[in-house]
Amino acid sequence: AITDALPQGTVELEFEGALRPTDLAEFVGQTRVVNQLTLLLKAAEISQRTPDHILFAGPPGLGKTTLAMIVAKESGRALRLSSGPAISHAGDLAALLSSLVPGEVLFIDEIHRMAKSAEEMLYLAMEDYRVDIMVGKGVGATSIPLELPPFTLVGATTRTGLLANPLRDRFGFTGHLEFYSNEELTTVLSRSAALLGLDLPEQALDEIAGRSRGTPRIANRLLRRVRDYLIVNPQTDSLSAVNAALALYDVDARGLDRLDRAVLAALLDRFNGGPVGLSSLAVSIGEDAETLEAVVEPFLIREGFMIRSPRGRMATAAAWDHLGRAPMKTQAT
Ligand code: ADP
């Protein structure tokens, strides 16, 4: 029987939070970023200063939110969570900033999606711990300066290129998160499996890791589906359970999901392997270009299924091969 170490009645969504490492020692991989971060936090601690503003960049699910939480915890500071889309005008940001307690860590996920007016307010806040609040309209409008307590902004974005230069320049440190190796994902999975009360052999964990697109969030999600499968089919051996569960959820042997395959199929079938612009590709499968660029493309490029050329996206020979199609003309390799 599967008995998890998590409290009874934990709802499925809370699992993601429950599996989150809470300190740097538990955080797997990303050695470079972790070392850089450790130095920054240590120096701030020794000199008793509020740590510099930090930006984390990388595809979804690689640990940006987790690291923000770790920054707060390791430096013994309170944490406030917000996101770019939730800040739709300057007033939202002013309210958020003016309610911070001294030294607080403010995390803004998807910071590139914040309203322009808020972004401009943020420049001053990051630099001088001050905002100018506009009151009134037209000729009678005046700005009232408001002092802010010192705080550390931790921003997350899928690509630093999405940020306006003045904003990017105001971060004291940018940590670029990389996709995880299969070995690292196996470590993540074995910790998660223990928390979920699952006893899986190394081989089963390896198999899940290999299909997780280099992403801990996906690894943990697939693990939960394998767990479901074993709850419903307790007699199944674990490797068969892994294969059956992943097949059921459309994750193929190379870790490509439905959307990845839809993108590749469109690239091959409709554009004969490209080159094609990202937005045309997005429209052809009814997805938005941002998702394609942030989520799908980095993985397909890393796995050698797609390349970015000056003329657009192109499929590689591996893509034709993986989808079992014969190329109709010479394509990139
Ligand atoms: P992001 O903010 O980049 O989208 P998250 O920080 O929310 O990603 O991470 C998603 C999930 O993946 C977390 O719940 C956590 O369980 C897991 N995770 C991410 N990075 C790591 C890591 N380095 N070690 C262990 N688990 C991780």
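Scroll up to find the structure.
Note that this is a predicted model, so its numbers are computed, not measured. (Residues numbered from 1 in each chain as written. Predicted model: local features only at pLDDT ≥ 70, side-chain atom pairs only at ≥ 80, totals over all residues. Heavy atoms only, no water.)

**Q** Would you take a moment to explain the pattern of salt bridges for this structure?
**A** Any two side chains of opposite charge can pair if their charged atoms end up close together. All told, the structure shown has 22 salt bridges when counted by the stated rule. Note that Glu207 is salt-bridged to Arg211, the shortest N-O span being 3.1 Å. The class of Glu207 is partly exposed, set by a relative accessible area of 29%. For Arg211, a relative accessible area of 8% corresponds to the buried category. (Salt bridge = Lys/Arg side-chain N within 4 Å of Asp/Glu carboxyl O. Buried < 20%, exposed > 50% of the residue type's maximum accessible area, 1.4 Å probe, protein only.)

**Q** For this particular structure, what's the right way to read unusual backbone geometry?
**A** A negative phi holds for most residues other than glycine; trans holds for most peptide bonds. For the peptide bond that leads from Gly274 to Pro275, omega is 5 degrees, which places it in the cis range. By secondary structure assignment, the location of Pro275 is in the loop between α11 (258-269) and α12 (278-285). A positive phi angle, close to 50 degrees, is found at Gln48, a residue other than glycine. Within the fold, Gln48 resides in the loop between α2 (31-46) and β1 (54-57). On the basis of relative accessible area, Gln48 is assigned to the exposed category, the value being 74%. Positive phi is not limited to glycine here, since Arg213 has a value of about 55 degrees. Mapping Arg213 onto the fold places it in the loop between α8 (202-210) and α9 (216-232). On the basis of relative accessibility, which here comes to 7%, the residue Arg213 falls in the buried class. (Helix = DSSP H or I, 4+ residues; strand = E, 2+ residues; numbered from the N terminus.)

**Q** Whenever I open this one, the sheet that holds strand β6 (residues 152-157) confuses me. Can you help?
**A** Strand-to-strand pairing in sheets goes through backbone hydrogen bonds, with the strands running parallel or antiparallel. Sheet architecture is open: five strands sit in the order β2-β3-β6-β1-β7, paired in parallel fashion. Each edge of the sheet is formed by a strand with only one pairing partner; in this case those strands are β2 (79-83) and β7 (173-176). Sheet twist, expressed as the mean angle between neighbouring strand axes with direction ignored, is 20 degrees. Bridge analysis of strand β3 (residues 105-109) against β6 gives four bridges, and the strand direction is parallel. Each bridged residue has a counterpart across the sheet, and for Phe107 the counterpart in β6 is Val154. Each of β1 and β7 touches α2; the most contacted strand, β7, lies at about 155 degrees to it. (Pairing = 2+ DSSP bridges. Axes fitted to C-alpha atoms, helices over the stretch in contact; angles between N-to-C directions. Contact = heavy atoms within 4.5 Å.)

**Q** Would you mind going over the site of the ligand with me for this structure?
**A** Around the ligand, the surrounding shell holds 18 residues, and the nearest of these are Val28, Gly61, Lys64, Thr65 and Thr66. Leu19 places a main-chain nitrogen or oxygen 3.2 Å from an oxygen atom of the ligand. Relative to its unbound accessible area of 560 Å², the ligand is 98% covered by the protein chains. Its atoms largely coinciding with the cavity grid, the ligand occupies the largest pocket. (Near = heavy atom within 4 Å. Polar contact = N/O pair within 3.5 Å; in protein donor to acceptor, adjacent residues only side chain to side chain. Areas by Shrake-Rupley, 256 points an atom, 1.4 Å probe, with all protein chains shown as cover. 1 Å grid on protein atoms, 1.4 Å probe; cavity = no way out; pocket = protein on both sides within 12 Å on 5 of 7 lines; lining within 4 Å. Sits in = over half its atoms within 2 Å of the grid points.)

**Q** Before we go on, may I ask you to explain the packing of aromatic side chains in this structure?
**A** Per the counting criterion, the structure on display carries one aromatic pair. Between the NZ or CZ atom of Arg213 and the centre of the ring of Phe299, over which it lies, the distance is 4.3 Å. (Phe/Tyr/Trp six-rings, centres within 6.5 Å; stacked < 30°, edge-to-face > 60°. Lys NZ or Arg CZ within 6 Å of the ring centre and 35° of its normal.)

**Q** Even after reading the chapter, I still don't get the layout of surface pockets, so can you show me in this structure?
**A** If a probe the size of a water molecule is rolled over the atoms, the empty space left behind becomes visible. There is about 640 Å³ of room inside the largest pocket. In terms of lining, the largest pocket is formed by 33 residues, of which the most central are Pro60, Gly61, Leu62, Gly63 and Arg217. Looking at the lining of the largest pocket, the elements that each hand over two or more residues are α3 (64-74), β6, α7 (182-195), α9 and α13 (289-302). Residue contributions to the lining of the largest pocket peak at four residues, all from α13. Residue composition of the lining of the largest pocket, grouped by class: twelve nonpolar, ten polar and eleven charged. (Points joined across faces, edges and corners; volume = space filled by probe spheres on them. Nonpolar A, V, L, I, M, F, W, Y, C, P; charged D, E, K, R; others polar.)

Everything listed is a geometric property; what it means functionally is a separate question.
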